[in-house]
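# Chains, contacts and geometry: an overview
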Amino acid sequence: MSFELFEEYSLLFGVGGLILFMIFIVWNLAKESKAGRFGTFILFIALGLGLLGFLVKTVLVEVMGLGQ
């Protein structure tokens, strides 16, 4: 395994793990605050928009070839 391949996989799993951890944090926040269904939905929408923006930016950079 080359160093570049190791870096690519490490970044993929590291960022993926952080995303899953952020989802867990939002779910735990909704549960502890007794937000209910609608409140949990709003929390996931509001806090998930930042995550969605990060993912869209990453895809756009790769598609447009600006990361080289």
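Keep in mind that this is a model prediction, so the values were computed, not measured. (Residues numbered from 1 in each chain as written. Predicted model: local features only at pLDDT ≥ 70, side-chain atom pairs only at ≥ 80, totals over all residues. Heavy atoms only, no water.)

## Considering helix α2 (residues 36-64)
Counted at 1.5 Å a residue, the expected span for α2 with its 29 residues is 42 Å, and the 41 Å between its end C-alpha atoms agrees. Taken as a whole, α2 carries its principal kink of about 35 degrees at G48. G65 sits one or two positions beyond α2 and adopts a positive phi of about 75 degrees. (Helix = DSSP H or I, 4+ residues; strand = E, 2+ residues; numbered from the N terminus. Expected span 1.5 Å × (residues − 1). Bend = angle between axes of the 7 residues up to and from the residue.)

## What to know about the packing of aromatic side chains
As enumerated under the stated definition, the model contains two aromatic pairs in all. Between F21 and F24 the ring centres are 6.4 Å apart and the planes differ by 25 degrees, which places this aromatic pair in the stacked class. Taken together, the positions of F21 and F24, both in helix α1 (residues 3-32) and three residues apart, correspond to about one turn of that helix. With centroids separated by 6.1 Å and ring planes inclined at 40 degrees, the aromatic side chains of F24 and W27 adopt a geometry described as tilted. Taken together, the residues F24 and W27, both in helix α1 and three residues apart, mark about one turn of the helix. Classification of F24 by relative accessible area gives partly exposed; the value is 41%. (Phe/Tyr/Trp six-rings, centres within 6.5 Å; stacked < 30°, edge-to-face > 60°. Buried < 20%, exposed > 50% of the residue type's maximum accessible area, 1.4 Å probe, protein only.)

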